[in-house]
Amino acid sequence: MKKFLLLIAAVAMMVACNNANQGSGAASGENAGGAAYEFKLTKGITGTTGSKNCHLVDLMADTPIAFEAVENGDSIDLTAKLTATHKDNAEMDESPREGAELWISGYDEDNKDLKVILIADEDSYKALQEFFPKAKGETVDLTFKGKAAKADLEKLNGRETTNTLVI
């Protein structure tokens with residue numbers, strides 16, 4: 001219980017913007033490097049953080065995360081795609097953070113923290129910079145890529161996770 005309360009406090013401090021969302025994502029993919037791996041989450045983006053610009057993104061329940069995943073030995077090459085929508089009345093940060101990330105956080109069966117961090121590709125980061133000054137309702141498609149241990153993804157697959165867009 002003490003670990004759980006500490007985790008709640010840590011998440012509350014980290015997450016500057018918290019937009020509850022319901023969504024789903026599924027992953028499958030195949031390339032010459034390995035076999036397809038299916039990965040899905042029970043929720044879409046559950047919050048944003050990183051700079052004032054996180055307040056510019058309206059993440060709704062209908063914002064699913066689509067995954068493409070390929071086994072590569074004991075690890076998985078993971079690509080996440082999502083669409084973010086611009087919301088109204090938010091202050092913009094003229095000097096945004098470098099890079100953008102997608103954090104997928106959860107617990108294993110022993111209640112230990114698991115976190116997978118995916119990094120926005122260069123085109124997505126540039127698209128975000130162009131997206132920030134746009135009007136309400138404008139959208140941006142984002143792609144995040146990374147590698148995760150297969151054992152960690154198996155523990156998160158299909159479970160409730162905290163999915164944070166870091167911009």
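Being a predicted model, the structure only gives us computed values, none of them experimental. (Residues numbered from 1 in each chain as written. Predicted model: local features only at pLDDT ≥ 70, side-chain atom pairs only at ≥ 80, totals over all residues. Heavy atoms only, no water.)

Colleague: Tell me about the overall build of the protein, and name the residues and values.
Modeller: Scanning the protein from N- to C-terminus turns up three helices and ten strands. When the helices and strands of the protein are placed in sequence order, the string is α-β-β-β-β-β-β-β-β-α-β-α-β. Put simply, of all contacts in the protein between residues at least 6 apart along the chain, 73% involve residues at least 24 apart. Accessible surface, the protein as shown: approximately 8,900 Å² in total, 50% of it carbon and sulfur. (Helix = DSSP H or I, 4+ residues; strand = E, 2+ residues; numbered from the N terminus. Contact = heavy atoms within 4.5 Å. Areas by Shrake-Rupley, 256 points an atom, 1.4 Å probe, with all protein chains shown as cover.)

Colleague: Hey, could you go over the pairing of strand E7 (residues 101-107) for me, with residue numbers and the actual values?
Modeller: Burial runs high along E7: five of the seven residues are buried. Inspection of the sheet shows E7 paired to strand E8 (residues 113-120) by seven bridges, in the antiparallel sense. Bridge assignment links Tyr-107 to a residue of E8, and that residue is Asp-113. Connecting E7 to the next strand, E8, in antiparallel fashion are five residues, including Asn-111 with a positive phi near 65 degrees. Bridge analysis of E7 against strand E10 (residues 162-166) gives five bridges, and the strand direction is antiparallel. Residue pairing in the sheet places Ile-104 in a bridge with Asn-163 of E10. (Buried < 20%, exposed > 50% of the residue type's maximum accessible area, 1.4 Å probe, protein only. Pairing = 2+ DSSP bridges.)

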